[in-house]
Amino acid sequence: MTVNLAATAGNPTLNVTIFVAVVAITLFIVYRVSTRNTTAADYYAAGGGFTGRQNGIALSGDYLSAASFLGVSGAIAVYGYDGFLYSVGFLVAWLIPLLLVAERIRNTGRFTMGDVVSYRMKQRPVRAAAANATLVISFFYMLAQMAGAGGLVALLLDVHTASGQALVITVVGVIMVLYVLVGGMKGTTWVQIVKAVLLLVCVSLMSVFILGKFGFDLGSLLGRAAEKNALSDLILEPGARYGRTETAKLDFVSLSLALVLGTAALPHVLMRFYTVPNAHQARRSVVWAIWAMVLFYLSTLLIGYGASAIVGTDAILDAPGGENSAVPLLAFHIGGAALLGLVSAIAFTTILAVVAGLTLTASASFAHDVYANVMKHGNPEPGSEVRVARLTAVVVGCLAVGGGILAIGQNVAFLVSLAFALAASANLPAILYTLFWRRFNTTGTLWAIYGGLASCLVLIVFSPVMSGTETSIISGIDFALFPLSNPGIVSIPLGFVLGIAGTFVGERKGVDDPDRRDELEVRSMTGIGSG
Amino acid sequence: MKTMPSFSREHDFAEHDDGQPDFAAIARSAEFVRLRKQVRRFVVPMTLLFLTWYLSYVLLAAYAPEFMSRRVTDNITVGLLLGLSQFVTTIAIMIGYRIFAKRRIDPQVKHLRDRVGAN
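Residues numbered from 1 in each chain as written. Chains lettered and ligands numbered in written order. Predicted model: local features only at pLDDT ≥ 70, side-chain atom pairs only at ≥ 80, totals over all residues.

J.: Before we move on, could you go through the overall build of chain B and cite the residues and values that matter?
T.: Helix and strand counts for chain B stand at 4 helices and 0 strands. Tracing chain B from N to C terminus, the helices and strands come up as α-α-α-α. (Helix = DSSP H or I, 4+ residues; strand = E, 2+ residues; numbered from the N terminus.)

Following this line, the structure appears as structure tokens:
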């Protein structure tokens, strides 16, 4: 065990040094690139000044969280093919932003998802709904990242006490709030770019090394991986993780639906499309992001099987952190303590950057949708909106730290998949109907957003994630009436159906402004009228 | 393909008093209707296609594990090849859309924007 621990942690002093260096470099970048961020356009959208390529890399940075980096490759290392199924869903999902969403969102809105869904609807109720959905989704996503930070640092810095991990989470919170306050969208985007480039270079070099080690023969890599895996040949086949019961199969389908439909509706992904000057650059952003994802997810396949082949699952599962330690352990085997430190620092920066992006999104949604438009009816005093946004960022940071500390040691993977399911159920129907269905109206929007959000949350409360099994959050009692841990297969169709039903009900109350329909249609397709 | 420069009046969609373009007129114009139709005719079937293809893959993995576990060569399974083919189709659709948008959509959008003086 001591040997394993030492191997996992590498050299904590070296790790800390590399961590501090990376954080210092990113903070310096944020400081250097930050303009004064006095206008809302600067603070939320970097003045729309990024190119498609820069934003595409930043998008991949936002999307490739520590869960993807450590979680997916770890799952492939231990369960093989079932981990790879995740990768496929995460990648394919990007066709929805490419074909349906990115360019139209850029043409229609300015800062938030609320800008788009409220465009031709009654402003105040719809903006409030959009802000509610954004805040809930961002909060779940953020909790997972923060709790992940605690676990990661336990693994790499050898911090195992609860108070030690709480301290680390607090430090994470402080740094990310600094990124957001000092850098605004511009600084945060540059952090994402730096992090994404480091991550992509790191995973591609590791994959090339692994392939080289097995003579560029995928078959022999897989063979060796199966030999050194406790599940042996089963890792080449589906079902090693999810099992082959009927419920497990359905749960897996549900999760896949949430992944493929949720991506396009994640608020922090949507907000990225406002940082480029026009729809053409928004399209280029997605194209660049897809290339980055292809590279990344192909690499996770090789790294995952490579970790199984080179490190072996016995060592991985024995290490503190279990599955999640597959990549760090592999790095240690390949490049010693230095590579381990570097990989860890990249994983740590990943968490910082993703959490900063989420904080910015949540604060923008509150300040722009709730404060400026709902409370001040669209006429806030000059400068007050950005002040509110900064204040909100601090509040969100505190909430995330508090929630993250409470979530230490919880099963956090489900939080991320829940965020995807929430986004797909609450946001996607409203966004797609707004853009592609002329009859869609205010009532339809409210039904879709609140119906999708509520059904998703209720199903989660009554799922095995909350109660009824050994790994549930609440142990001892069983109120798991809903058998699946991911609610997507029910709540996503429900969101779409409620959008239609609400529209028909709303039509009896009279129609929304028909001129705005033409305006949205023309504007979303051509960008005429948008800045 | 190069677009024709605006032939008639420079800004033939009369602006409203507030300087906003006349969106209703643009929305009804033949050019816009055609543009919208062409875009939808590409993106809607393409979306349905890739979703169907992805869901069949997911359903195969869940409900036909024996098929997915079949070995093509020593350790390469049908499932792995199908998974990698999802990568290939994603790239193909992306490139296809890029070419389509550049050749067919962008010139029409530019033409419309020129006519309202939005460029």
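J.: Tell me about the overall build of chain A, and name the residues and values.
T.: Regarding its fold elements, chain A presents 21 helices and 0 strands. Computed over the C-alpha atoms, the radius of gyration of chain A is 23 Å, within 12% of the 24 Å expected from 2.2 N^0.38 for a compact globule of 531 residues. With the principal axes as the frame, chain A shows a C-alpha extent of 70 × 55 × 45 Å. Looking at the 531 residues of chain A, the share that counts as buried comes to 65%. Long-range contacts, defined as pairs at least 24 residues apart, comprise 81% of the intrachain contacts of chain A with a sequence gap of at least 6. (Rg over C-alpha atoms; globule rule 2.2 N^0.38 Å. Buried ≥ 20, exposed ≤ 12 C-beta atoms within 10 Å, placed from the backbone. Contact = placed C-beta atoms within 7 Å.)

J.: Give a description of the interface of chain B and chain A that names residues and reports values.
T.: Between chain B and chain A, the contact holds 44 residues from the first and 40 residues from the second. At the level of elements, helix 1 (23-28), helix 2 (30-63), helix 3 (65-69) and helix 4 (78-116) of chain B are the ones that each hand at least two residues to the side of chain B that touches chain A. The dominant element in the side of chain B that touches chain A, judged by the number of residues it contributes, is helix 4 of chain B, at 15 residues. For the side of chain B that touches chain A, the class distribution of residues is 30 nonpolar, 10 polar and 4 charged. (Nonpolar A, V, L, I, M, F, W, Y, C, P; charged D, E, K, R; others polar.)

J.: Before we move on, can you summarise the confidence of the model for chain A with the specific residues and values?
T.: Residues and elements named next belong to chain A. With 96% of its residues at a pLDDT of at least 70, chain A reaches an overall mean of 88. Put simply, helix 1 (residues 2-9) is where chain A has its lowest mean pLDDT, 43, and helix 7 (residues 95-108) is where it has its highest, 96. Note on residues 1-8: pLDDT is under 50 here. Beyond four places in sequence and across chains, it has 12 contacts. (pLDDT = per-residue confidence, 0-100.)

J.: An account of the nonpolar core is needed here, citing residue identities and associated values.
T.: Residue and element names in this part refer to chain A. Among the nonpolar cores identified, the biggest contains 230 residues, and Met-146, Val-355 and Leu-422 are the most heavily contacted of them. Here the element with the most residues in this core is helix 16 (residues 326-375); it accounts for 30 residues. Each residue touching Met-146, except ones within four places of it in the same chain, is listed here: Ile-169, Val-172, Val-355, Ala-400, Val-401, Gly-403, Gly-404 and Ala-407. (Core = buried A, V, L, I, M, F, W, Y, C linked by C-beta atoms within 7 Å.)

J.: Mind laying out the UniProt feature "transmembrane region" (unreviewed entry) in chain B, listing which residues take part and the relevant values?
T.: All names here are of chain B. UniProt records the feature "transmembrane region" (unreviewed entry) for residues 42-64 and 76-100 in the present numbering. Secondary structure content for residues 42-64 is 96% helix and 0% strand, and the end C-alpha separation is 32 Å. In the segment residues 76-100, helix accounts for 92% and strand for 0%; the C-alpha atoms at its two ends are 35 Å apart. (UniProt positions renumbered as here; feature names shortened; annotations may be inferred.)

J.: Please provide a residue-by-residue account of helix 6 (residues 81-92) of chain A, values included.
T.: Residue and element names in this part refer to chain A. Under the 1.5 Å per step criterion, the end-to-end length of helix 6 is 17 Å for 12 residues, consistent within 8% with the ideal 16 Å. With 12 of 12 residues buried, helix 6 is to be regarded as a mostly interior element. Those residues of helix 6 lying buried are Tyr-81, Asp-82, Gly-83, Phe-84, Leu-85, Tyr-86, Ser-87, Val-88, Gly-89, Phe-90, Leu-91 and Val-92. (Expected span 1.5 Å × (residues − 1).)

J.: Give a detailed account of the packing of helix 4 (residues 52-63) of chain A against helix 10 (residues 162-213) of chain A, specifying residues and quantitative values.
T.: All names here are of chain A. One way to put it is that helix 4 packs onto helix 10 with a least axis distance of 8 Å and a crossing angle of 75°. The angle between helix 4 and helix 10 places the two elements in the roughly perpendicular class. Here Gln-54, Ile-57, Ala-58, Ser-60, Gly-61 and Asp-62 of helix 4 come into contact with helix 10, specifically with Thr-189, Gln-192, Ile-193, Lys-195, Ala-196 and Val-197. Residue classes in the contact of helix 4 with helix 10 are distributed as 5 nonpolar, 5 polar and 2 charged. (Axes fitted to C-alpha atoms, helices over the stretch in contact; angles between N-to-C directions. Parallel < 35°, antiparallel > 145°, perpendicular 65-115°, else oblique.)

J.: Describe in detail the confidence of the model for chain B, supporting the description with residues and values.
T.: When the pLDDT values of chain B are averaged, the result is 86; 83% of them are 70 or greater. Counting contacts from residues 1-11 of chain B, a segment whose pLDDT is below 50, to residues more than four positions away or on other chains yields 11 contacts.

J.: Just give me the short version of the environment of Ile-26 of chain B, but keep the residues and values in it.
T.: All names here are of chain B. Inspection of the secondary structure assignment puts Ile-26 in helix 1. What makes Ile-26 buried here is the crowd of 23 C-beta atoms within 10 Å. Separated by 66 residues in sequence, Ile-26 and Ala-92 place their C-alpha atoms 33 Å apart.

J.: I'd like a description of unusual backbone geometry, backed by residues and values.
T.: All names here are of chain A. Of note, the phi angle at Ala-46 is positive, near 50°, even though the residue is not glycine. Given 27 C-beta atoms within a 10 Å radius, Ala-46 is considered buried. Within the chain, His-377 stands out as a residue other than glycine whose phi angle is a positive 55°. Looking at where His-377 falls in the secondary structure, it is placed in the loop between helix 16 and helix 17 (384-406).

J.: Residues and numbers for helix 21 (residues 514-526) of chain A, please.
T.: Residue and element names in this part refer to chain A. Its 13 residues place the ends of helix 21 19 Å apart at the C-alpha level, agreeing with the 18 Å of an ideal helix rising 1.5 Å per residue. Burial analysis of helix 21 places 10 of its 13 residues in the buried class, the great majority of the element. What helix 21 keeps buried is the set Arg-517, Asp-518, Glu-519, Leu-520, Glu-521, Val-522, Arg-523, Ser-524, Met-525 and Thr-526. Just past helix 21, the residue Gly-527 takes up positive phi, approximately 80°.

J.: Outline the environment of Thr-247 of chain A, listing residues and values.
T.: Residues and elements named next belong to chain A. With respect to the helices, strands and loops of the structure, Thr-247 is situated in helix 12 (residues 246-262). C-alpha of Thr-247 to C-alpha of Ser-485: the two residues are 238 residues apart in sequence and 9.6 Å apart in space. Residue contacts for Thr-247: discarding those within four places in its chain leaves Pro-483 and Leu-484.

J.: Give me the environment of Val-109 of chain B: which residues, what numbers.
T.: The residue Val-109 of chain B is located in helix 4 in this model. Measuring from C-alpha to C-alpha, the distance between Val-109 of chain B and Gly-83 of chain B comes to 36 Å, with 26 residues separating the pair along the chain. Excluding residues within four positions of it along the chain, Val-109 of chain B makes contact with Thr-526 of chain A together with Leu-35 of chain B.

J.: Can you break down the packing of helix 10 of chain A against helix 14 (residues 279-310) of chain A residue by residue, with the values?
T.: Residues and elements named next belong to chain A. Where helix 10 contacts helix 14, the axes come no closer than 9 Å and their chain directions differ by 45°. One way to sum up the angle between helix 10 and helix 14 is to call them oblique. Relative to helix 14, helix 10 is oriented so that their crossing is left-handed. Seen from helix 10, the contacting residues are Ala-196, Leu-200, Val-203, Ser-204, Met-206, Ser-207, Ile-210 and Leu-211; seen from helix 14, they are Ala-292, Leu-295, Phe-296, Ser-299, Thr-300, Leu-302, Ile-303 and Gly-306. Of the residues assigned to the contact of helix 10 with helix 14, the class counts are 11 nonpolar, 5 polar and no charged. (Left-handed = near helix turned anticlockwise from the far one by under 90°.)

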